[in-house]
Amino acid sequence: MKKRVLTVVMAGLLGAGLAACGSSSSTSASTEAAATTEAAAATTEAAAATTEAAATTEAASESASVDLSQSKYLSDGVMTVGLNATFPPFEYVGDGTDTFDDITANEGNVTGFDVAMMNEIGKRIGVSVEIEDMDFDGIIPALGSKIDVAATGMTITDERKESVNFSDPYYDATQSVLVKADSTIATEDDLKNCSAIGVQGGTTGETIARGINDAATVSVKSFNQAVADLVNGKNDAVILDQVPAEAFAESYSGQIKALDGSQLNFDVEQYGIAMPKDDEVMLDAINGALSDMKADGTYDSLVEQYISNYSAE
Ligand code: ARG
């Protein structure tokens, strides 16, 4: 009787393993399962060990659903995520074909890496996710009122840390410069002679632009606008993060180009998920989910899917 149960457990585990790899057909799965049945019957000890392992796995996945009852902002079971969807491939307005199983509200069909990451975090900590697309400079002030967290390619800075909690860093970044395809602008010095450098209000790119050439800095609400102004000749350059710069260069291929940020004298940056300061329970839960995702390969596969394989829509 007991042996029978153990056999079922083992066959079940084997089946699950094969399904996860997605390679073998079900025929070979059941053949292998049959072989396992014999092995399990013969070696009771081995089977017992497997049962224990199975029990441990179950316990681990159960404890992964986090207790958020003491979270000031997430105890209602909903995590509202603020972002500015003019930042491909991290967040941008998609065509609606990307759907995310844990996201229950997403008016503008926003998609991208940050959206997928927050969907996954929501699933792991046991909350549903709502997406709120807003102006970048309104995001930090809205934390704790309109939104619970911000996942928007936001650079961790000392100044921001005074008003928000940041998760552990999740992505290394640098600023870059977008210029017209035929432009001779190549260095920081060249930017000193520009008459219009487009930036998005409230970004680290804006801080850099003002440091180089305050008089020429033109701050707008969206990167789509700043880049359109470059394409139309209103701006000489746009300062923004490297990966989005490359995404825009692809969208306007032949018209604009992204300079290599590592050749410019800009600081290295890291993105973090921003949260209100008065919720350590949320901070721990999000950091826990993030580190689990990194450990089990989910994080890397999202990078692959949304960043490495991004192609402009
Ligand atoms: N990393 C830069 C910053 O934190 C730019 C982020 C802009 N993000 C966006 N979704 N528009 O200031």
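Residues numbered from 1 in each chain as written. Predicted model: local features only at pLDDT ≥ 70, side-chain atom pairs only at ≥ 80, totals over all residues. Heavy atoms only, no water.

Section: the overall build of the protein
The cut-off we apply is this: Secondary structure follows DSSP: runs of H or I at least 4 residues long count as helices, runs of E at least 2 residues long count as strands, and numbering of each begins at the N terminus. When a residue's accessible area, from a 1.4 Å probe over protein chains only, is under 20% of the maximum for its type it is buried; when over 50% it is exposed; and in between it is partly exposed.
Regarding its fold elements, the protein presents 12 helices and 15 strands. Taken over 313 residues, the protein has a buried fraction of 48%.

Structural notes on the packing of helix α4 (residues 113-125) against helix α11 (residues 280-295)
Threshold: The axes are straight lines fitted to the C-alpha atoms, using for helices just the contacting stretch, and the angles between their N-to-C directions are given from 0 to 180°. With respect to orientation, any angle under 35 degrees is reported as roughly parallel, any angle over 145 as roughly antiparallel, any angle of 65 to 115 as roughly perpendicular, and every other angle as oblique. What makes two residues a contact is simply this: any of their non-hydrogen atoms within 4.5 Å.
The interhelical angle for the contact between α4 and α11, taken along N-to-C directions, is 110°, at an axis separation of 9 Å. With respect to α11, the element α4 is oriented roughly perpendicular. Only Ala285, Ile286, Ala289, Leu290, Asp292 and Met293 of α11 make contact with α4, whose side of the interface consists of Met117, Glu120, Ile121, Arg124 and Ile125.

Considering the site of the ligand
Worth spelling out the cut-off: Put simply, a residue is near a molecule or strand once any heavy atom of it comes within 4 Å of that molecule or strand. Here a polar contact is recorded for every N or O atom pair within 3.5 Å, except that within protein the pair must consist of a potential hydrogen donor and a potential acceptor, and residues adjacent in sequence are included only if both atoms are side-chain atoms. The Shrake-Rupley method, run with a 1.4 Å probe sphere, supplies the accessible areas, and residue values consider only the shown protein chains as cover. Grid spacing is 1 Å over the protein atoms alone, the probe is 1.4 Å, and a cavity is where that probe fits but cannot get out, while a pocket is an open set with protein on both sides within 12 Å along at least five of seven lines and lining residues have an atom within 4 Å of a point. Each molecule is assigned to a cavity or pocket provided more than half of its atoms lie within 2 Å of the corresponding grid points. Note on residue categories: nonpolar means Ala, Val, Leu, Ile, Met, Phe, Trp, Tyr, Cys or Pro, charged means Asp, Glu, Lys or Arg, and polar means any other residue, Gly included.
Among the 15 residues in the neighbourhood of the ligand, the closest are listed as Thr152, Arg160, Gln200, Thr204 and Asp241. In this structure, a nitrogen atom belonging to the ligand sits 2.9 Å away from a main-chain N or O atom of Asn84. One of the side-chain nitrogen or oxygen atoms of Glu91 is found 3.1 Å away from a nitrogen atom of the ligand. Starting from 350 Å² of accessible surface for the ligand in isolation, the protein chains cover 100%. Judged by its atoms lying within 2 Å of the grid points, the ligand is housed in the largest cavity. Its residues assigned to classes, the shell around the ligand shows five nonpolar, seven polar and three charged.

Notes on α4
Rules: How far a helix is expected to stretch is found by multiplying one less than its residue total by 1.5 Å.
Its 13 residues give α4 an end-to-end C-alpha distance of 18 Å, which sits within 8% of 18 Å, the value for a rise of 1.5 Å per residue. With 11 of 13 residues buried, α4 lies mostly within the body of the structure. Within α4 the residues assigned to the buried category are Phe113, Asp114, Val115, Ala116, Met117, Met118, Asn119, Glu120, Ile121, Gly122 and Ile125. With its phi angle positive at about 80°, Gly126 sits one or two positions after the end of α4.

Brief notes about unusual backbone geometry
The amide bond that connects Pro88 to the next residue, Pro89, takes the cis arrangement and shows omega of 0°. Inspection of the secondary structure puts Pro89 in the loop between β2 (86-87) and β3 (91-93). Even without being glycine, Asn109 reaches a positive phi, approximately 55°. Secondary-structure assignment places Asn109 in the loop between β4 (103-106) and β5 (110-111).

Re the packing of α4 against helix α12 (residues 298-308)
Stated precisely, the cut-off is as follows: A clockwise turn of the near helix away from the far one marks a right-handed crossing, whereas an anticlockwise turn of less than a right angle marks a left-handed crossing.
Viewed as axis vectors pointing N to C, α4 and α12 meet at an angle of 150°, and their least axial separation amounts to 9 Å. As summarised for this structure, α4 and α12 are arranged roughly antiparallel, according to the angle between their axes. Of the two elements, α4 crosses α12, and the hand of that crossing is right-handed. Seen from α4, the contacting residues are Phe113, Ala116, Met117, Glu120 and Arg124; seen from α12, they are Thr298, Tyr299, Leu302, Val303, Tyr306 and Ile307. Residues of the contact of α4 with α12, tallied by class, amount to eight nonpolar, one polar and two charged.

Overview of the packing of aromatic side chains
The condition that has to hold: Stacked, tilted and edge-to-face are the three classes applied to pairs of Phe, Tyr and Trp rings, where Trp contributes its six-membered ring and a pair requires centres within 6.5 Å; stacked means planes under 30 degrees apart, edge-to-face means over 60, and tilted covers the rest.
Under the counting rule described, the total for this entry stands at 12 aromatic pairs. Ring geometry for Phe87 versus Phe223: centroids 5.8 Å apart, planes at 25°, classification stacked. With Phe87 in strand β2 and Phe223 in helix α9 (residues 223-231), this residue pair connects regions lying 136 residues apart in the sequence. Look at Phe90 and Tyr171: their rings are 5.2 Å apart centre to centre, the planes differ by 75°, and that puts the pair in the edge-to-face class.

What about the nonpolar core?
Soluble globular proteins tend to bury their nonpolar side chains together. Spelled out, the test is: By nonpolar core is meant a set of buried Ala, Val, Leu, Ile, Met, Phe, Trp, Tyr and Cys residues that side-chain atoms within 4.5 Å join together.
Membership of the largest hydrophobic core comes to 55 residues, with the highest contact counts inside it found for Met79, Phe113, Met117, Ile121, Ile125 and Leu178. Residue contacts for Ile125: discarding those within four places in its chain leaves Val66, Leu68, Leu74, Met79, Ala285, Ile286 and Ala289.

A few points about the confidence of the model for the protein
Quick note on the threshold: Think of pLDDT as the predictor's per-residue confidence, scored from 0 to 100.
When the pLDDT values of the protein are averaged, the result is 86; 80% of them are 70 or greater. Scored below 50 in pLDDT, residues 1-35 makes 21 contacts in the model with residues more than four places away or belonging to other chains. Segment residues 53-63 is flagged for pLDDT under 50; beyond a separation of four residues in sequence, or across chains, it makes two contacts in the model.

Side note on the pairing of strand β11 (residues 217-220)
Definition in use: DSSP calls a pair of strands paired once it identifies at least 2 bridges connecting them. Whether a crossover is right-handed comes down to one check: with the strands pointing away from the viewer, does the path from the first strand over the helix to the second run clockwise; if it does, it is right-handed.
As judged from the four bridges shared by strand β10 (residues 197-200) and β11, these two strands associate in the parallel manner. Considered in β11, the bridge of Gln200 is made with Val220. The β-α-β motif built from β10, the intervening helix α8 (residues 204-213) and the parallel element β11 has right-handed crossover chirality.

A short note on the layout of surface pockets
Condition: Grid points are joined across faces, edges and corners, and a volume is the space filled by probe spheres set on the points.
What the largest pocket holds in volume is close to 500 Å³. Along the wall of the largest pocket there are 24 residues; nearest its centre are Thr157, Arg160, Thr203, Thr204 and Thr207. Looking at the lining of the largest pocket, the elements that each hand over two or more residues are α5 (139-142), α6 (158-161), α8 and β14 (268-271). The greatest single-element share of the lining of the largest pocket, amounting to four residues, is contributed by α8. Partitioned by chemical class, the residues of the lining of the largest pocket number 10 nonpolar, eight polar and six charged. By volume, the second largest pocket is sized at about 190 Å³. Along its surface, the second largest pocket is lined by 13 residues, and Pro88, Tyr92, Asn224, Phe248 and Ser251 are the ones closest to its centre. For the lining of the second largest pocket, the secondary structure elements donating two or more residues are β3, α9 and α10 (242-251). By residue number, the principal contributor to the lining of the second largest pocket is α9, which donates three residues.

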